[in-house]
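The residues making up each chain are set out below.
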Amino acid sequence: MDFQLTDDQRALKAGVRELLAARFGRERLRAAVDEGPRLDRALWRELGEAGFFALRLPEADGGVGLGLPETVLAFEEAGRVLLPGPLIATHLAAGVVDGAATGEAVVTAVDGRGLVEWLAEADVVRGDATGAEPLRPVDPLTPLHRVPVSGGAGLIDARPVSSTGALPTASLTSLFTAAEQLGTAARTCETAVQHARTREQFGQPIGAFQAIKHLCARMLVRVELARAAVYAAAVTADPVDIAAARLLADEAAVRGARDCLQVHGGMGFTWESDVHLYLKRAWTRTQRAGTATESEELLAADLVSGVGR
Amino acid sequence: MDLTYTPEEQEFRARLREWLAEVLPSLPPKPSPADWPGRRAYDLGWQRMLYDAGYAGLHWPVDAGGRGATPTQHLIYLEETEKAGAPYVGANFVGLLHAGPTIASEGTPVQRARWLPPVLRGEEVWCQGFSEPDAGSDLAALRTRAWRDGDDYVVSGSKIWTSHAEVADWCELLVRTDPAAPKHRGISWLAMPMDAPGITVRPLRTLAGSTEFAEVFLDEVRVPVAHRVGAENDGWRVTMVTLSYERGTAFVGEVVACRRVLGEVAREARKNGRWDDPALRRRLGGLNAEFRALWRLTQWNVSEAQSNGGVPGVGGSVFKLRYSHARQELYDAAAEVLGPEALDLGREWTLDRLSSLSYTIAAGTSQIQRNIVAERILGLPKGR
Ligand SMILES: Cc1cc2nc3c(=O)[nH]c(=O)nc-3n(C[C@H](O)[C@H](O)[C@H](O)COP(=O)(O)OP(=O)(O)OC[C@H]3O[C@@H](n4cnc5c(N)ncnc54)[C@H](O)[C@@H]3O)c2cc1C
């Protein structure tokens, strides 16, 4: 057992981080917020060229031929920089929808609870978006529509991996969402620590105060626990592991952003600081592919079924 | 990232499993918690069986009499012994998990030869005399004095919360050898025989009613200078070695145990109808996520230690923080499932719930662990 990143995985992660730092750094993020939600098609194609959408597509079909762990690392990096766009839907459409793999096409999907991200900007919508009504989205970089759904169908899939080795879409969406949450949570923790080191009050950095230290320590603990869970779920591809990873990653991202806001004091409550962007994106992602309740129910059922232990 | 085990690791697991299945049925019945001589004999007997089968000191270096196993093999060992319901290290805790490894890494050849084999063979029990009434979290404030008299140190002072002191043969003892030095500098690490004249052990009752730990009074106890591990006044550095072992892998087996208990709690809820309450199901489901993730974090930390030559990192503090709270939540949930029966001391979970309260205190409180995470991992400044 060697549950550490391989050299290739480290290189891949660093590569994605570099690409995103160059193409979607902090200035670009703030500019995107100012411009309003418009998808950067050039960046989308660059991501396509870099293989972001085709990571898991077999090489024979023009893909990169990698697995879930590598894909999770890439989504973690996207989550770090709050990269906007229907990344997961497009990734899942690679090999199914023309142009998705290469980033020529922007693909979105109707989620089980009737939310659609980036509907107006998408070239292809998977699922039935009839009657979609726009929301005024809380996250300035995630335009949302709501589609009336009948019966509030839950989307968490407890079925084991199918005979073809493919996980259901909802499970994959949940896993990649967890990876994005992990990236955001890690970035949020770093942002808080950075601020705590430099902001001075009472003649010393606020990070010297234990109340602030402990907020930061709690953030790190949540990030590290979520990281172990998310990476493990990517390796096992087990729906119960995925549900656990998702719960912990949602917690790390949402609570982390709130704690980060607290560390920033009044500054954290402003539009100028990035903290609200982390929080709003984290909130938005919690609504994807199943609720916390569904995850918890699945995990509870696992306790009495004894399967997967 | 790979969670599969190598053929050698699987082979190791299979042999261990076979051996456990063979020997566990022949174990004598577990003594009652109040029967200290019985507990000592039971724990040492188990250690002897491990020794004879070649499983003693699995994670110790070979030149210290250990098996030099990889951290992954140690993980497998802890997982399998817990799953099979094998005895816990019990009274051998300090000897095997921190005094032993500390002597192995800091002791002289003579010291290693004297103290290590009896720990491995299950002949001698150690306890830890670090805390004092006025030196808990602020351990370096300890005041127990030791002054030189010929070839001996003469030690006076008192220790508190000393687990297993009643049945220990040796104590890893922190003393102040230079009262004039800054507080972290004047400390030495001694191996004190518990039968030396001048030692009084007074058991303390825990909130669970048991006597797990004791006060130890030291009145001019003579400890040979040759029993000092590390240089005089360099005891703080040696202590850090001890603590890194204490916080390293000490809780691994317990996570496996908690996962088992969680499954039992869920089945009990199914039996008594509490399972129909969605809020309770969600709570247990959330705990399942928690303990699964803690197990993954264990695997992550162990793999990391393995790539760092086996040294446990500060990741132990991250783990301990979350684990100690999760364990308490587990037994709170168990109490909710039991309902009024949770007030019955005859229920194992009630006793376990009481003892779980120590996890956020012993081996460094949660507050102290958070300071460690903030200062040593995140690099935040020390408070003034
Ligand atoms: C079951 C059990 C077994 C034990 N076994 C042993 C043993 O075998 N050998 C041994 O030497 N010791 C042992 N201990 C002692 C244990 O290590 C100490 O209890 C622990 O380190 C805390 O010290 P204290 O009890 O003096 O609490 P204190 O240090 O007085 O702390 C009281 C409270 O103040 C908080 N606090 C203290 N300092 C700070 C700070 N700087 N910042 C924020 N909060 C702070 C603490 O977090 C805690 O909440 C054991 C304890 C228990 C409960």
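Quick caveat, the model's predicted, so the values are computed rather than measured.

Here we come to the overall build of chain A. For chain A, the count of helices and strands is ten helices and seven strands. The globule rule puts the C-alpha radius of gyration for 309 residues at 19 Å, and the 19 Å found for chain A is close to it. Relative to its 309 residues, chain A shows a buried fraction of 58%. A separation threshold of at least 6 residues defines the contact pool for chain A, and within that pool the share at least 24 residues apart is 69%. Accessible area of chain A: about 12400 Å², with a carbon and sulfur share of 53%.

Turning our eyes to something else, we now look at unusual backbone geometry. Residue and element names in this part refer to chain A. Phi angles above zero are rare outside glycine, and Leu82 is one such case at about 55 degrees. Within the fold, Leu82 resides in the loop between α4 (68-80) and α5 (87-93). Of note, the phi angle at Trp118 is positive, near 60 degrees, even though the residue is not glycine. Residue placement: Trp118 occurs in the loop between β2 (115-117) and β3 (124-126).

In the region of the ligand, 18 residues are neighbours, and Gln210 of chain A together with Gln128, Ser137, Trp161 and Thr365 of chain B sit closest. With respect to the ligand, the chains having nearby residues are chains A and B. Here an oxygen atom of the ligand sits 3.0 Å away from a polar atom, N or O, in the main chain of Phe130 of chain B. Ser131 of chain B has a polar backbone atom sitting 2.8 Å from an oxygen atom of the ligand. Relative to its free-state accessible area of 970 Å², the ligand is covered by the protein chains to the extent of 64%.

All names here are of chain A. Between helix α6 (residues 169-198) and helix α8 (residues 239-268), whose axes approach to 8 Å, the crossing angle comes to 25 degrees. For the element pair α6 / α8, the angle class is roughly parallel. In terms of crossing hand, the pair formed by α6 and α8 is left-handed. Looking at side-chain class alone, the contact of α6 with α8 contains 15 nonpolar, nine polar and two charged residues.

To continue, consider the interface of chain A and chain B. Tallying the contact residues gives 53 residues for chain A and 54 residues for chain B. Between chain A and chain B lies a buried interface of about 4600 Å² when both sides are counted; carbon and sulfur atoms form 64% of it. By the criterion of area lost to chain B, the three top residues of chain A are Met1, Gln4 and Leu303 of chain A, representing 18% of everything that side buries. Here chain A and chain B share seven salt bridges between them. The closest approach of N and O atoms between Asp241 of chain A and Arg292 of chain B, which form a salt bridge, is 2.5 Å. Summed over the shared surface of chain A and chain B, the result is 23 residue pairs in polar contact (both at pLDDT 80 or more). Secondary structure elements with two or more residues in the side of chain A that touches chain B: α4, α6, β7 (204-205), α7 (210-236), α8 and α10 (292-305) of chain A.

Of the residues in chain B, 97% reach a pLDDT of 70 or more, and the chain-wide mean stands at 93. Note on the complex model: pTM 0.92, ipTM 0.90.

We now examine the pairing of strand β5 (residues 187-193) of chain B. Here β5 of chain B lies mainly inside the structure; seven of its seven residues are buried. Side-chain alternation along β5 of chain B places Ile187, Trp189, Ala191 and Pro193 of chain B on one buried face and Ser188, Leu190 and Met192 of chain B on a second face that is also buried.

It is worth spelling out α4 of chain A at this point. In an α-helix, one full turn covers 3.6 residues, which means residues spaced three or four apart are oriented alike. Relative to the 18 Å expected for 13 residues at 1.5 Å per residue, α4 of chain A spans 18 Å between its end C-alpha atoms, a close match to the ideal helical length. Leu82 of chain A lies just past α4 of chain A and shows a positive phi near 55 degrees.

We now examine the packing of helix α1 (residues 7-23) of chain B against helix α2 (residues 36-53) of chain B. Each pair of packed helices gets described by two things: the angle between the helix axes and the distance between those axes. Residue and element names in this part refer to chain B. Taken N-terminus to C-terminus, the directions of α1 and α2 make an angle of 135 degrees; their axes are 12 Å apart at the nearest point. What the angle tells us is that α1 and α2 run oblique. Remark: the crossing between α1 and α2 carries right-handed chirality. Side by side, α1 and α2 meet where Trp19, Leu20 and Val23 of the first sit next to Trp46, Met49, Leu50 and Ala53 of the second. Of the residues in the contact of α1 with α2, the class split is seven nonpolar, no polar and no charged.

Counting through the fold element by element, Asn288 of chain B comes out in helix α8 (residues 278-307). Assessed through its relative accessible area of 2%, Asn288 of chain B is described here as buried. A distance of 2.8 Å separates a polar atom in the side chain of Asn288 of chain B from the backbone oxygen of Leu299 of chain A.

Of all hydrophobic cores here, the largest spans 143 residues; its most connected members are Tyr231 of chain A together with Leu284 and Phe291 of chain B. The greatest single-element share of this core, amounting to 17 residues, is contributed by α7 of chain A. Look past the residues within four positions of Tyr231 of chain A in its chain and what remains in contact with it is Phe3, Leu5, Lys13, Val72, Leu73, Glu76 and Leu182 of chain A together with Met1 and Trp300 of chain B. Membership of the second largest hydrophobic core comes to 26 residues, among which are Ala56, Val94, Leu142 and Trp170 of chain B.

Turning next to the sheet that holds β2 of chain A. Strands in a sheet are paired, the pairing made by backbone hydrogen bonds, and the direction either parallel or antiparallel. All names here are of chain A. Ordered by their spatial adjacency, three strands build an open sheet running β2-β5-β4, and the pairing between neighbours is antiparallel. A single partner strand is all that each edge strand has here, and the edge strands are β2 and β4 (133-134). As defined by bridge partners, β4 adjoins strand β5 (residues 144-146) across two bridges and the pair is classed as antiparallel. The partner of Pro134 across the bridge, within β5, is His145.

Attention now goes to the environment of Leu92 of chain A. Residues and elements named next belong to chain A. Residue placement: Leu92 occurs in helix α5. The spatial distance from the C-alpha of Leu92 to the C-alpha of Gly127 is 13 Å, given a sequence separation of 35 residues. Residues within four places of Leu92 in sequence aside, it is in contact with Arg56, Arg126, Thr169, Leu172, Thr173 and Phe176.

Residue and element names in this part refer to chain B. In this structure, Lys159 sits in strand β3 (residues 152-163). Among the polar contacts made by the side chain of Lys159, one reaches the main-chain carbonyl oxygen of Phe130 at a distance of 3.0 Å. Excluding its chain neighbours within four sequence positions, the residues that come into contact with Lys159 are Gly129, Phe130, Ser131, Glu132, Leu142, Thr144, Leu173, Leu174, Ala214, Glu215, Val216 and Leu218.

What the rule picks out here adds up to 58 salt bridges over all chains. The partner of Glu180 of chain A in a salt bridge is Arg288 of chain A, and the shortest N-O contact between them spans 2.8 Å. Of the two residues, Glu180 of chain A sits in helix α6 while Arg288 of chain A sits in the loop between α9 (275-286) and α10, which places them 108 residues apart along the sequence. The pair formed by Glu180 of chain A and Arg288 of chain A is uniform in burial state, with each residue classed as buried. With a shortest N-O distance of 3.1 Å, Arg327 of chain B and Glu254 of chain B are connected by a salt bridge. Here the residue Arg327 of chain B occupies a position in helix α9 (residues 315-338), and Glu254 of chain B occupies one in helix α7 (residues 252-272), the gap between them amounting to 73 residues. Assigned by exposure class, Arg327 of chain B and Glu254 of chain B land together as buried. Overlapping salt bridges bring together Lys13, Arg17, Glu76, Glu77, Glu224 and Arg227 of chain A as one network.

Parameters and conventions
- Residues numbered from 1 in each chain as written.
- Chains lettered and ligands numbered in written order.
- Predicted model: local features only at pLDDT ≥ 70, side-chain atom pairs only at ≥ 80, totals over all residues.
- Heavy atoms only, no water.
- Helix = DSSP H or I, 4+ residues; strand = E, 2+ residues; numbered from the N terminus.
- Rg over C-alpha atoms; globule rule 2.2 N^0.38 Å.
- Buried < 20%, exposed > 50% of the residue type's maximum accessible area, 1.4 Å probe, protein only.
- Contact = heavy atoms within 4.5 Å.
- Areas by Shrake-Rupley, 256 points an atom, 1.4 Å probe, with all protein chains shown as cover.
- Near = heavy atom within 4 Å.
- Polar contact = N/O pair within 3.5 Å; in protein donor to acceptor, adjacent residues only side chain to side chain.
- Axes fitted to C-alpha atoms, helices over the stretch in contact; angles between N-to-C directions.
- Parallel < 35°, antiparallel > 145°, perpendicular 65-115°, else oblique.
- Left-handed = near helix turned anticlockwise from the far one by under 90°.
- Nonpolar A, V, L, I, M, F, W, Y, C, P; charged D, E, K, R; others polar.
- Buried area = accessible area lost by both parts, 1.4 Å probe.
- Salt bridge = Lys/Arg side-chain N within 4 Å of Asp/Glu carboxyl O.
- pLDDT = per-residue confidence, 0-100.
- Expected span 1.5 Å × (residues − 1).
- Core = buried A, V, L, I, M, F, W, Y, C linked by side-chain atoms within 4.5 Å.
- Pairing = 2+ DSSP bridges.

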